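Examination of the molecular architecture
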Amino acid sequence: MYKRALPYFRSTILLAAAIMLTNCSDNGGSDDVSNPPIAGQDLPYNVARFTILAVSPNIVAGADAAYSWTVTNAPTQNYSLVNTTTKEALFAATEVGTYNLTVTINDKGAIQNQKIVITVSKEAKELKTFIAKVFEFKPAPGQFINDLPAANDGDTAERVLTRTNTYLAKKNGDLISLGAFGGYVVFGFDHTIVNVKEKRDFRVLGNAFWAEANPNPNSTMRGGSSEAGVIMVSYDKNKNGLPDDEWYEIEGAGHKMEKTIHNYEITYYRPDPNKIPVPGGGTGTVNFTDTEYIYWKDNQGKDGYLVQNNAYNHSLEYWPKWLKDQQSITFKGTRLPDNAVDESGTGSYFVQYAFLYGYADNAPNNDDDSAIDIDWAIDKNGDKIRLPGIDFVKVYNGLNQQAGWLGETSTEIMGATDLHLLGENIPTR
């Protein structure tokens, strides 16, 4: 009796177990959700436009394996794929659609391929084409420092930063001044500006303009009011929404000129309010009220003064009012060659010649050469770097020069735009 019942009992247990497994498998398709695709099968990814996506294969390979990523099919060329020889590639696109990628893995001669299928969708919230937030504003002394933006006695740095946001973080921005060499501003966007191959990606808006007439008929360069600001870029690698990742400098045409000084450093010293001014004549209606106003010295063994003048009805106080108790300010960066030329020969007509490309406030906002290609970025060693896109921008004045009655050259900016989100198609140089 007992021996006869045993096979029947075992069969009953196995049948019950099978029913339980079947029920679990059919419960909402949980197996499909929790289990990743089998190694070697297509890997699906989903991402919104203007977002950096990290993709990697699920094929197990040795530490010395070589990787090669390619895009095999795409609805548009407006995408970025970088780190194409590493296990983890970075992808971003500006257009919706399905993008097919293939990664080839060479593991000591054993070749395997895997297809990655990325579905790019439209973002849930409308993106801004302009600056979303100003994170830092630290100008050098200059004519318009307490005017653009307006600063009052008793203002704190935090209050001035808030005011700077009201100037720049909007569609139609207002001018701010970065002062003399090194003064800077840091701002960000509400999305990643994608680094599209062979195209310019963004533009920093300034108030540069071309001269209507140049006394020098032999000039072959474009010029007028070009006050080049050096541009630095960064992407939010740690995804914390702050500009605290590595910075890269945009290498414009001026970076390669013989007189450019890399790793330049300058220190400005706050003027004594009881100091007796040293006037020095003037040009036309502009008077040089103090030719020894703000003393500076640099790491090239040179020194000089920011000259105070009464032009433009600007504030005669060049030192930032919110730093009235700070005795000195130091800035570092790339110093571009002087670009201001007295074409009149009498000090009455200065032309500031534009560098060919790569800077802020260097060419008019409607000129192609005010647009920037992220692929012009270099790292701290001066080596080219290919970034998937950028989230943050820093602009600092790259010129240390006096242009007669115009005063010190000072970069002004009034915003920044994402060219891809605006639908502008500007080829790179």
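So, here's what we can say about the structure. This one's a predicted model, so the numbers in the text were calculated from it and none came from an experiment. (Residues numbered from 1 in each chain as written. Predicted model: local features only at pLDDT ≥ 70, side-chain atom pairs only at ≥ 80, totals over all residues. Heavy atoms only, no water.)

Before going further, it helps to spend a moment on the sheet that holds strand 2 (residues 53-55). Taken in spatial order, the 3 strands make up an open sheet running 2-5-4, and their pairing is antiparallel. Among the strands making up the open sheet, the edge pair consists of strand 2 and strand 4 (79-82). Averaged over all adjacent pairs, the angle separating strand axes in this sheet is 25 degrees, with direction ignored. With 3 bridges connecting them, strand 2 and strand 5 (residues 89-93) associate as antiparallel partners. In the sheet register, Ala 54 faces strand 5, and the bridge partner there is Leu 90. (Pairing = 2+ DSSP bridges. Helix = DSSP H or I, 4+ residues; strand = E, 2+ residues; numbered from the N terminus. Axes fitted to C-alpha atoms, helices over the stretch in contact; angles between N-to-C directions.)

Looking now at helix 3 (residues 157-168). Compared with the 16 Å implied by 1.5 Å per residue over 12 residues, the 16 Å span of helix 3 between its first and last C-alpha is a close match. Considered for burial, the residues of helix 3 that qualify are Val 160, Thr 164, Asn 165, Tyr 167 and Leu 168. Around the axis of helix 3, the buried residues are gathered within 160 degrees of arc, so they sit on the same side. Residues of helix 3 that are exposed and angled more than 90 degrees away from the buried face: Glu 158 and Thr 162. Where helix 3 is buried, its residues touch strand 8 (133-138), strand 9 (176-177), strand 10 (184-194) and strand 26 (412-418). (Expected span 1.5 Å × (residues − 1). Buried < 20%, exposed > 50% of the residue type's maximum accessible area, 1.4 Å probe, protein only. Arc of directions from axis to C-beta. Contact = heavy atoms within 4.5 Å.)

Of the consecutive residues Leu 148 and Pro 149, the connecting peptide bond is found in the cis state with omega at 0 degrees. Mapping Pro 149 onto the fold places it in the loop between strand 8 and helix 3. One non-glycine residue, Glu 198, lies in positive phi territory at about 65 degrees. Along the polypeptide, Glu 198 turns up in the loop between strand 10 and strand 11 (202-206).

Here we come to the nonpolar core. One finds Phe 187 and Tyr 268 to be the most contacted residues of the largest nonpolar core, which totals 68 residues. Top element by residues in this core is strand 10. It accounts for 7 residues. Judged by nonpolar contacts, the second largest core, of 21 residues, contains Ile 59, Tyr 79, Tyr 99 and Ile 116. (Core = buried A, V, L, I, M, F, W, Y, C linked by side-chain atoms within 4.5 Å.)

It is worth spelling out the pattern of salt bridges at this point. Per the counting criterion, the structure on display carries 16 salt bridges. Across the pair Arg 49 and Glu 123 runs a salt bridge, and its minimum N-O distance is 2.8 Å. Residue Arg 49 is located in the loop between strand 1 (43-48) and strand 2, and its partner Glu 123 is located in the loop between strand 7 (110-121) and strand 8; the two are separated by 74 residues in the primary sequence. The residues Arg 49 and Glu 123 share a single accessibility class, namely buried. Note that Arg 163 is salt-bridged to Asp 155, the shortest N-O span being 2.8 Å. (Salt bridge = Lys/Arg side-chain N within 4 Å of Asp/Glu carboxyl O.)

In this section: the side chain of Asn 400. Structurally, the position occupied by Asn 400 is in the loop between strand 25 (389-397) and strand 26. Given the relative accessible area of 9%, Asn 400 is considered buried. At 3.1 Å, the side chain of Asn 400 and the side chain of Tyr 264 are in polar contact. Among all residues touching Asn 400, those that are not within four sequence positions of it are Phe 181, Tyr 264, Ile 266, Trp 296, Arg 335 and Asp 338. (Polar contact = N/O pair within 3.5 Å; in protein donor to acceptor, adjacent residues only side chain to side chain.)

Now for the sheet that holds strand 22 (residues 350-353). Reading across from one edge, 12-13-22-21 is the order of the 4 strands in this open sheet, with antiparallel pairing throughout. Taken across any chain shown, the strands that pair with only one partner, and hence form the sheet edges, are strand 12 (209-210) and strand 21 (340-342). Direction of pairing for strand 21 relative to strand 22: antiparallel, over a ladder of 3 bridges. What sits directly across from Ala 340, in strand 22, is Gln 352.

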